[in-house]
Protein chains: 2
Amino acid sequence: METVSENRSHGGVQGVYTHASAETGTDMTFSVFVPAHEAGARLPVLWYLSGLTCTHANVTEKGEYRAACAEHGIVFVAPDTSPRGDGVPDDEGWDFGKGAGFYVDATEAPWSTHYRMRSYVEEELPRLIASRFPADMERQGITGHSMGGHGALTIALRNPGRFRSTSAFAPIVSPLNCPWGKKALTGYIGADRTAWRDYDACAMMEDGARLPDLLVDQGTADGFLEEQLKTHLLEQACEKAGQTATIRMQEGYDHSYYFISTFMPGHVAWHAERLKR
Amino acid sequence: METVSENRSHGGVQGVYTHASAETGTDMTFSVFVPAHEAGARLPVLWYLSGLTCTHANVTEKGEYRAACAEHGIVFVAPDTSPRGDGVPDDEGWDFGKGAGFYVDATEAPWSTHYRMRSYVEEELPRLIASRFPADMERQGITGHSMGGHGALTIALRNPGRFRSTSAFAPIVSPLNCPWGKKALTGYIGADRTAWRDYDACAMMEDGARLPDLLVDQGTADGFLEEQLKTHLLEQACEKAGQTATIRMQEGYDHSYYFISTFMPGHVAWHAERLKR
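Structure report, in brief. Please read these numbers as outputs of a predicted model, since none were measured by experiment.

About the criteria used
Here the residue index of a chain counts from 1 through its sequence in written order. A letter from A marks each chain and a number from 1 marks each ligand, given out in the order of writing. Local features in a predicted model are, by the rule used here, given only for residues with pLDDT of at least 70; side-chain atom pairs are given and counted only at 80 or more, and totals for whole chains, interfaces and linings are based on all residues. Excluded from the side-chain calculations are hydrogens and water; all other atoms, namely the structure's heavy atoms, are used. Helix numbers and strand numbers start at the N terminus; a helix is a DSSP run of H or I with at least 4 residues, a strand a run of E with at least 2. For this measure, only C-alpha atoms enter the radius of gyration; the expected value for a globule follows 2.2 Å times N^0.38, where N is the number of residues. Here, two residues are considered to be in contact whenever any of their heavy atoms come within 4.5 Å of each other. The protein chains shown are the only cover counted for residues, whose accessible areas, like all others here, come from Shrake-Rupley with a 1.4 Å probe. His residues and chain termini do not enter the charge count, which takes Lys and Arg as positive and Asp and Glu as negative. Lys charges are placed at NZ, Arg charges at CZ, Asp charges at CG and Glu charges at CD. Copies are brought into register by a least-squares superposition over C-alpha atoms of residues with pLDDT of at least 70 in both. For every residue, the accessible area (1.4 Å probe, protein chains only) is compared with the maximum for its type, and the residue is labelled buried under 20%, exposed over 50%, or partly exposed between those bounds. By definition, two strands form a pair when at least two bridges between them are found by DSSP. Think of each axis as a best-fit line through the C-alpha atoms, taken over the contacting stretch in the case of a helix, with angles from 0 to 180 degrees between the N-to-C directions. To obtain the bend at a residue, axes are fitted to the seven residues ending there and to the seven starting there, and the angle between these axes is taken. N or O atoms closer than or at 3.5 Å make up a polar contact, with two conditions inside protein: a donor-capable atom paired with an acceptor-capable one, and, for residues adjacent in sequence, both atoms drawn from side chains. To pair, rings of Phe, Tyr and Trp, with the six-membered ring standing in for Trp, must have centres within 6.5 Å; the planes then decide the type, stacked if under 30 degrees apart, edge-to-face if over 60, and tilted in the middle. Only when the NZ atom of a Lys or the CZ atom of an Arg is both within 6 Å of the ring centre and within 35 degrees of the ring normal do we say a charge sits over the ring. Summed over both partners, the accessible surface that disappears when two parts come together, traced with a 1.4 Å probe, is what is meant by buried area. For this analysis, a salt bridge means a side-chain nitrogen from Lys or Arg found within 4 Å of a carboxyl oxygen belonging to Asp or Glu. Looking down the strands as they point away from the viewer, one classifies a crossover as right-handed if the path from the first strand across the helix to the second runs clockwise.

Moving on, we get to the overall build of chain A. Along its length, chain A carries 10 helices and 9 strands. For a compact globule of 277 residues, the expected C-alpha radius of gyration is about 19 Å, and chain A comes in at 17 Å, within 12% of that figure. Across its three principal directions, the C-alpha atoms of chain A cover 50 × 45 × 35 Å. Taking the intrachain contacts of chain A between residues at least 6 apart in sequence as the baseline, contacts between residues at least 24 apart amount to 72%. As displayed, chain A has an accessible area near 10,100 Å², and 47% of this comes from carbon and sulfur atoms. Counting 25 positive and 36 negative side-chain charges, chain A places the centres of these two groups 5 Å from one another.

Structure (C-alpha cells):
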C-alpha cells in the first residue's frame, strides 16, 4: 500500500492510498479518514460506496462526513467504483465499464478478468483496512449513493451479521427493474436474469435476506427517481419482508452531493448509534 | 443575471449565477447560498474570497460552510478570483493573470482593462447581491483564503464600518513582503511600491486603518507559510497598531480545503455572533 496524500482535517487525517489489487489485477485507489483517537484504540468503520462516474475523490471532497466522523470517532472508507488503467476494458457509455463496476464479480468476457468489485469490496479491501488502519472490524456500517447505494444494500444483505448498520442515499434499489441495472448486469454477468437476483436488494429480501435496520434518504427532485431508482420498490419489498426500515422522501433535493452532504451528518450519527452500542 | 444552477442543500438553496460585469467587461460567475428563511426576511451576508487558481467552485464544493450558514441564518457569497474569457489577458504562471486577480484595480497595460477585481468585489457585486438576494447589507462579514484572505483583510480595512466582522484562512498578510505579492502588484499596478500600501493589510494598519475585530487561522504545516504568508508580520502589525485580533496557529494543518473546511464552521459561528448582535 502506498500513500498518495495525507491531510490533517477535523482533528484527524484524511488519507488517499493505492495498492495492487489481486482481485482486479490493477492498482486500486481509496480514501480513509481516521479521526483523532487514543493510541492503540480501534474505531468503528463506516464504508461509503460511490455512484456511477465517481472515484473515491467525489465523496472525499464533497461529502462533508469528516466533522461527524470526528465527533463520533468513526473511520470512513471510500473505495473506487471500478478497476482502472490502460489494460482495463471500457464502454463508451458513462453507465458501464470504468466508473461503473456495479459491485459485481463479472462472469462475461471481456469484463471478468478485472471487474471483480464485489470480491474487492467484500473481501480484499476489508483485509487491507483491518491490517493497516485502527479499524474495529467487529463494528462495521455501510452506506453509499445511487449505484453505491445498491452496492451497500446488496453487500449488507449478502453478508448477514457483518454490518451492524446499513443506509443509502438515493440507491438503485432493483437493477432487475431499471435501465442502468439491465445494462450493467447483462454486460457483466450475462442475460440469465435468475443470476441477477443476487445483485438486487429487493429480490434478495424477497428471497429471505434481512438487515438489522435500514435508513434511506431519497430526494423528490432527483431526475433519476422515476426511471432508475424507484424507491417505491424498496418500500414494497421492505413491507412484504417485514424489514424494519426508515425510508425518507426529501422534498426538493436532487441526486447531487448537495443532497448527500445535507443528510450525511445524520447518517453518520445514525450509524454511530448502532456501531457504538 | 442568469442562473447557472440551483440545488437544494441543507434546507436552503445553493445557487451559481453569471452576469455581465461593467467593471471587468466580462461575464462573471459567483455562487450564493441562501438558507431557509421567512418570506421577506433579510439575512446577514458573509463574503468569502478565494485564493490563487480558484473559482467560486472550490469553496462551494469543498468549503463545508452550508450547515453552519443554515444553522445561523447567513447568506454566503463566493465571487470568482479574476475576469475570464478569450479576450482577457493572461500569464503563463498560475500566480498572475486569470485566477489571480489579487483584488486590485489594475492600472498597467494590458491588465487595466479587465482586471478590476477591487471595484468588482467592493462595489458592483454587492449592489447586485443587495438587489437580487434576501441580503441585509447593514450586516456584512468578510473572510477568505490565502490571496482571498489578503482580499478580505484589505477590503475590510479600506471600508471602515462596512463589515462588522473580518476573518481569514491562511491569508497573504503583506504583498509588499512576499514573491506572490511582488509579482502581482508590479504587474497590475506598477513598480512604485508606495502605491502598493493600499493593497497590503500590514501597511494599511501601519497607516492607521483598523478593524472592529479579526480572526485568523493558519496551519503550521502550510508549505507557503514561510515564504509567502508570513503570519508573524500580521501579528506584529496588530500588536503595533493595538488591533484586537485572534491569530491561531493550527498544528499540522496545510494550505488545502481540508484545513479550511475544518475551521469554516467556527468562522461562520464567529461571524454570526457579530452579525446578529
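Comparison of the two chain copies shows a relationship of rotation about an axis with a shift along it. The transform that puts chain A on chain B rotates by 180° and translates by 0.0 Å along the axis, for an RMSD of 0.0 Å. The operation mapping one copy onto its partner corresponds to a two-fold rotation axis. Residue Lys-62 of chain A, judged by its C-alpha, is the member of chain A lying nearest the rotation axis, at 2.7 Å. By residue overlap, the copies meet face to face through one surface: 100% of the interface positions of chain A are interface positions in chain B.

Residues and elements named next belong to chain B. Within strand β2 (residues 12-20), 7 of the 9 residues are buried, leaving the element largely enclosed by the surrounding structure. Of the pairings in the sheet, the one linking strand β1 (residues 2-9) to β2 comprises 7 bridges and is antiparallel in character. Bridging across to β2, Glu-2 finds its partner in Thr-18. Once β1 ends, the chain turns through 2 residues before running back antiparallel as β2, passing His-10 with a positive phi of about 50°. In terms of strand pairing, β2 meets strand β3 (residues 27-34) through 8 bridges, oriented antiparallel. For Ala-20, the partnering residue across the bridge sits in β3 and is Asp-27.

Turning to its location among the elements, Gly-25 of chain A is positioned in the loop between β2 (12-20) and β3 (27-34). Distance from Gly-25 of chain A to His-114 of chain A, taken between C-alpha atoms, is 6.0 Å for residues 89 residues apart in sequence.

One open sheet holds the 9 strands; their spatial order is β1-β2-β3-β5-β4-β6-β7-β8-β9 (chain B), and the pairing between them is mixed. Strands with a single pairing partner mark the edges of an open sheet, and in this sheet they are β1 and β9 (246-250) of chain B. Here the average twist between neighbouring strands, direction ignored, is 20°. Looking at chain direction, strand β4 (residues 43-49) of chain B and strand β5 (residues 75-79) of chain B are connected through 3 bridges and run parallel. Residue pairing in the sheet places Leu-46 of chain B in a bridge with Phe-76 of chain B of β5 of chain B. Relative to the sheet, helix α10 (residues 257-275) of chain A contacts β1 and β2 of chain B, its axis offset from that of β1 of chain B by approximately 30°.

The subject of this paragraph is helix α10 (residues 257-275) of chain B. Where α10 of chain B bends most, at Met-264 of chain B, the angle is about 40°, and the proline Pro-265 of chain B comes one to four residues later. A distance of 3.1 Å separates the backbone nitrogen of Tyr-258 of chain B from a side-chain oxygen at the start of α10 of chain B, and that oxygen is part of Ser-256 of chain B.

Quick look at the packing of aromatic side chains now. Tallying each qualifying case throughout the model produces 32 aromatic pairs over all chains. Where Tyr-115 of chain A meets Tyr-188 of chain A, the ring centres are 5.4 Å apart and the plane angle is 25°; that geometry is what we call stacked. Taken together, the positions of Tyr-115 of chain A in the loop between β5 (75-79) and α3 (117-132) and Tyr-188 of chain A in helix α5 (residues 179-189) put the pair 73 residues apart, joining distant regions of the chain. Its relative accessible area of 0% is what places Tyr-115 of chain A among the buried residues. Geometry around Tyr-65 of chain B places Arg-66 of chain B over its ring, the cationic atom sitting 5.1 Å from the centre.

Each side of the interface is counted separately: chain A has 20 residues, and chain B has 20 residues. Carbon and sulfur atoms make up 46% of the surface buried where chain A meets chain B, a total of about 1,900 Å² over both sides. Interface area lost by chain A to chain B is led by Arg-8, Glu-64 and Tyr-258 of chain A, which between them contribute 37%. Taken together, chain A and chain B are joined by 2 salt bridges. For Glu-64 of chain A, the salt bridge goes to Arg-66 of chain B, with nearest N and O atoms at 3.5 Å. Scanning the region where chain A abuts chain B turns up 16 residue pairs in polar contact (both at pLDDT 80 or more). For the side of chain A that touches chain B, the secondary-structure elements that each account for two or more residues are β1 (2-9), α1 (56-62) and α10 of chain A.

Glancing now at the pattern of salt bridges. Side-chain pairing between opposite charges can occur once the charged atoms of the two side chains come close. All names here are of chain A. Within the structure shown, the criterion is met by 34 salt bridges over all chains. The closest approach of N and O atoms between Arg-139 and Asp-136, which form a salt bridge, is 2.7 Å. Comparing Arg-139 with Asp-136, the two get one shared label, buried.

Residue and element names in this part refer to chain B. Of all 10 residues in strand β6 (residues 135-144), 9 are buried, a share of seventy percent or more. Sheet topology places β4 next to β6; 6 bridges connect them, and they run parallel. What sits directly across from Trp-47, in β6, is Ile-142. Considered for its hand, the β-α-β crossover made up of β6, helix α4 (residues 147-158) and strand β7 (residues 163-169) is right-handed.

Our next topic: the side chain of Ser-82 of chain B. Residues and elements named next belong to chain B. Within the fold, Ser-82 resides in the loop between β5 and α3 (117-132). Among the residues examined, Ser-82 registers a relative accessible area of 0% and is labelled buried. Here the side chain of Ser-82 touches Gly-99 through a polar contact of 2.7 Å, landing on its backbone nitrogen. Residue contacts for Ser-82: discarding those within four places in its chain leaves Met-28, Gly-97, Lys-98, Gly-99, Ala-100, Gly-101, Tyr-115 and Met-117.

Below, the discussion takes up unusual backbone geometry. Residues and elements named next belong to chain A. In this structure, Pro-110 follows Ala-109 across a cis peptide bond, with omega equal to -5°. For Pro-110, the position within the fold is in the loop between β5 and α3. Notably, His-10 is not glycine yet its phi reads approximately 50°, a positive angle. Counting through the fold element by element, His-10 comes out in the loop between β1 and β2. Even without a glycine there, the phi angle at Thr-53 is positive, about 75°.

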